[in-house]
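Structure at a glance
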Amino acid sequence: MELAYVCEWEKRPKCTHCPSIPLVCSWSCRNLVAFTTDLKNDDEDKEISHMIHIIDTEHPWDVYCISSGHTEVISCLEWDQSGSRLLSADGDGQIKCWSMSDHLVNSWENILLSSVDGDPIVALTWLHNGVKLALHVEMSGSTNFGEKFSRVKFSPSLTLFGGKPMEGWLAVTVSGLVTVSLLKPGGTLLTASESLCRLRGRVALADIAFTGGGNIVVAASDGSSSSPVQFYKVVVSVVNEKCRIDTELLPSLFLRCTTDPLRRDKYPAVTHLKFLTRENSEQVLLCASNQNGSIVECWSLRKEGLPVNNIFQHRSPVVGEKQPTILKWRILTTTSDLERVSAVALPKLPISISNTDLKVATDTKFCPGLGLALAFNDGSIQILHRLSLHTMGVFYGSSTASTGQRPGDESAIKRQRTGSPAVHFKALQFSWTSLALAGIDNHGKLYMLRVSPSMGQVLEMNTTLRHLLFLLEYCMVTGYDWWDVLLHVQPTMVHNLVEKLHEEYMRQNLALQQVLATRILAVKASLCKLSTATAARACDFYAKLLLIAISSTLKSLLRPHVLNTPDKSPGDRLSEICAKNTDTEIDKVMINLKTEEFVLDGPPLQSLQQLIQWGSMVRPGFGFMRDGASLGMLREMLVMIRIWGLLKPGCLPTFTAMSDNQDSMQLLFRLLTKLWLCCKMPLRTLLLPHAHALTLCSRAAREDGPPQDPDESLIDECCLLPSQLLVPSMDWLPVNDGIIGKLQGKHPLRLQFGKASSLSGGGATAPLELFNRSPGSQKMDNLRCVHMGVCPTEESKACTRCGCVTMLRSPNKTNAMKQWEQRWIKNCLCGGLWRRIPPTVA
């Protein structure tokens with residue numbers, strides 16, 4: 001386990017936390033990290049500011065700080081399942097829901113508020129939406145994604161009419177109340193509170209889990225190890241437009257250490273209480289501590305037979321009668337005496353823990369999702385197996401990471417002599433694939449640690465690639481961000497990973513391929529950016545994403561001339577005719593179309609000119625010469641543009657021809673058609689829609705033989721094209737301004753919030769020249785395909801994943817361009833989130 005980077009405050013704030021009040025950190029499935037600090041002003045009369053900070057892990061220096069408005073210390077932070085909304089709760093009973101403003105990761109606003117006045121919140125969660133996947137290591141070699149990642153039958157916590165899950169959150173207070181807030185369709189809140197049990201008592205620690213039947217289970221402790229840990233079933237319902245909460249007492253448990261005569265009074269306080277996963281209410285982790293040490297216990301709820309009194313032993317059994325059973329907590333395992341635990345992180349990866357899956361994971365040394373992390377007061381972190389609690393990996397602490405020293409070194413001995421407190425983590429969170437850890441230390445610094453998929457065990461290259469491929473497939477299926485997987489991809493692995501990922505993708509059924517068509521392009525592009533040898537392929541993948549979007553948008557504008565048309569749309573008929581007609585003359589292809597279906601008003605056509613300009617240029621990298629599906633799309637777009645040019649010449653792309661009598665569109669179409677014919681795409685593939693053709697082109701090539709190489713005369717014609725046509729330069733490639741490319745080495749990075757320039761130091765490698773821009777170059781709106789000038793004055797936003805830049809406010813008024821912009825208003829075309837960038841950086 002290595003230190004990936006450290007982010008420090010430019011001016012470290014005074015931290016007012018006492019040791020008993022932990023900082024809070026939370027990591028979303030979109031790789032957004034939220035954490036808290038308390039800032040005390042120099043003026044002693046002013047109140048403490050309770051701050052929430054949000055970063056995306058690709059740009060950790062670009063931190064968005066929220067003055068939360070909480071009146072007490074923030075005790076809980078919880079992301080929703082989409083990673084776009086955040087809950088915060090404090091010691092005064094206030095719960096706030098934060099949402100992205102304009103879908104920007106560095107612009108947030110408080111949209112909803114609920115409170116239990118004066119009752120501190122000790123546990124908080126969003127209601128379950130009923131979506132649960134299981135990741136089967138045993139099936140990692142299967143060719144079917146459905147077998148690797150199976151959908152588990154799971155009911156939402158609360159459903160609306162038709163079975164749609166109802167959104168909302170649930171919290172537990174220190175006085176033993178459970179409070180629920182439901183988001184009604186109109187945007188208002190429906191709230192209710194209920195006592196966990198009749199005899200309310202103090203709840204110092206609590207955690208919340210869900211059952212497959214739609215129930216909620218709350219675990220609660222009063223903080224004393226001599227008191228029982230109580231469990232409650234909570235059922236939420238809506239009756240007559242009012243929220244109703246029903247609670248039921250479940251079996252409780254006493255810690256094993258309190259029943260051991262040698263440890264009865266050794267660990268008086270329960271300091272951590274966690275369900276192992278939020279979808280499993282039958283396994284719980286407990287940590288009891290004293291001033292200097294801790295002990296951790298793992299418990300499981302099991303169904304056991306109820307012993308029958310001897311009086312009834314000789315009674316004749318009734319047919320069909322079963323032995324009565326009860327639910328009872330049994331201890332699975334416990335640790336030996338440990339250093340005092342300061343923070344606990346549990347894995348989010350939903351790995352199946354069946355005996356077969358666990359055996360395969362052990363044999364192949366696949367560790368993600370199997371380990372939980374414990375941070376200690378001496379600054380170290382241990383990864384323990386989630387069931388056996390044996391040590392899987394050790395990290396020697398934030399204070400020793402930068403110096404390279406270990407406990408027992410001279411500096412550690414001096415620290416012990418002086419009695420100064422060691423730097424240690426107060427909050428710890430796993431990423432969603434369990435390949436990275438985010439932590440906040442007691443000085444307010446943010447750390448990022450990468451966790452090896454094999455926990456540092458030496459593996460063969462093929463096994464390592466298989467593990468990373470498995471997790472990339474998981475991210476592709478779920479839609480989660482795969483940034484933390486890229487932390488472990490070395491440049492030498494990129495080519496093999498891309499090829500293997502494509503092979504697995506081509507083995508899926510056509511429906512799933514169509515769903516994942518753009519996601520796999522985004523994954524391939526982010527992989528290829530990690531190596532100079534594959535950077536050109538990254539350009540191809542980004543270009544293909546934009547090409548698919550433009551083609552789909554232009555074809556969606558086509559309308560049938562007669563309403564009662566056959567089942568095929570004008571776009572489908574265009575694809576079919578272009579696939580059948582192999583003529584190199586564009587006008588001969590155009591004759592076979594019903595031109596009345598291509599008639600659009602003048603203003604929409606004129607507004608589409610910048611998209612038409614890009615779509616008619618064959619400027620991506622070398623990969624498009626062998627990509628029959630993309631060449632076919634370009635042919636279709638040229639035919640559409642040819643027809644539209646007859647209606648509105650102003651919408652035609654701008655070319656500068658070297659000859660007065662040269663037909664530029666005809667020349668491009670002829671060369672494209674010849675290249676397309678070399679790909680030898682069979683007719684059954686070309687007759688399918690774009691997404692199907694994209695996913696089948698490689699399979700078709702394998703079935704009908706490899707594509708033919710263009711003959712020398714065709715290559716000569718293509719080489720002469722720049723001397724026949726002058727195409728305006730359009731710098732559409734994304735900028736590589738993130739951190740992932742700098743983390744391939746073994747040296748830690750030290751960064752400062754608000755200072756992107758600090759990225760160049762600390763062992764960072766030189767960025768790929770292909771993705772760099774000179775300071776005086778023209779800036780491009782990569783999605784609107786328009787120039788913004790050398791020094792843009794418009795506010796812009798950039799994708800956190802690919803770096804694509806576009807203007808924040810739309811300059812377009814026509815419906816045609818608004819339709820195009822709606823495709824990426826929430827996310828970039830690659831699926832990444834947007835972040836606001838100042839005009840000087842655009």
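Our structure is the block above this text.
Report on the accompanying structure. In this text, all values refer to a predicted model and were calculated from it rather than measured experimentally.

Let's talk about the overall build of the protein chain
Counting secondary structure elements, the protein chain contains 20 helices and 39 strands. Within the protein chain, the proportion of its 842 residues that are buried is 54%. Expressed as a percentage of contacts within the protein chain between residues at least 6 apart in sequence, the contacts between residues at least 24 apart total 65%. Within the structure as shown, the protein chain displays about 36,500 Å² of accessible surface, and the carbon and sulfur contribution to it stands at 52%.

With respect to the environment of Arg302
Here Arg302 is to be found in strand β22 (residues 293-305). Residue Arg302 is classed as partly exposed on the basis of its relative accessible area of 42%. Spatially, the C-alpha atom of Arg302 lies 6.2 Å from that of Trp329, the residues being 27 residues apart in sequence.

Topic: the side chain of Thr37
With respect to the helices and strands, Thr37 occurs in strand β3 (residues 32-39). Since its relative accessible area comes to 5%, Thr37 is described here as buried. At 2.7 Å, the side chain of Thr37 forms a polar contact with the side chain of His53.

Examining the packing of helix α6 (residues 461-478) against helix α8 (residues 494-506)
At their nearest, the axes of α6 and α8 sit 10 Å apart, and the two run at 55 degrees to each other. Looking at the two axes, α6 sits oblique to α8. Crossing angle aside, the handedness with which α6 passes α8 is right-handed. On α8, the residues that touch Leu465, Leu468, Leu469, Leu472, Glu473 and Met476 of α6 are Asn496, Leu497, Lys500, Leu501 and Glu504. A per-class count over the contact of α6 with α8 returns 7 nonpolar, 1 polar and 3 charged.

Definitions and cut-offs
Residues numbered from 1 in each chain as written. Predicted model: local features only at pLDDT ≥ 70, side-chain atom pairs only at ≥ 80, totals over all residues. Heavy atoms only, no water. Helix = DSSP H or I, 4+ residues; strand = E, 2+ residues; numbered from the N terminus. Buried < 20%, exposed > 50% of the residue type's maximum accessible area, 1.4 Å probe, protein only. Contact = heavy atoms within 4.5 Å. Areas by Shrake-Rupley, 256 points an atom, 1.4 Å probe, with all protein chains shown as cover. Polar contact = N/O pair within 3.5 Å; in protein donor to acceptor, adjacent residues only side chain to side chain. Axes fitted to C-alpha atoms, helices over the stretch in contact; angles between N-to-C directions. Parallel < 35°, antiparallel > 145°, perpendicular 65-115°, else oblique. Left-handed = near helix turned anticlockwise from the far one by under 90°. Nonpolar A, V, L, I, M, F, W, Y, C, P; charged D, E, K, R; others polar.

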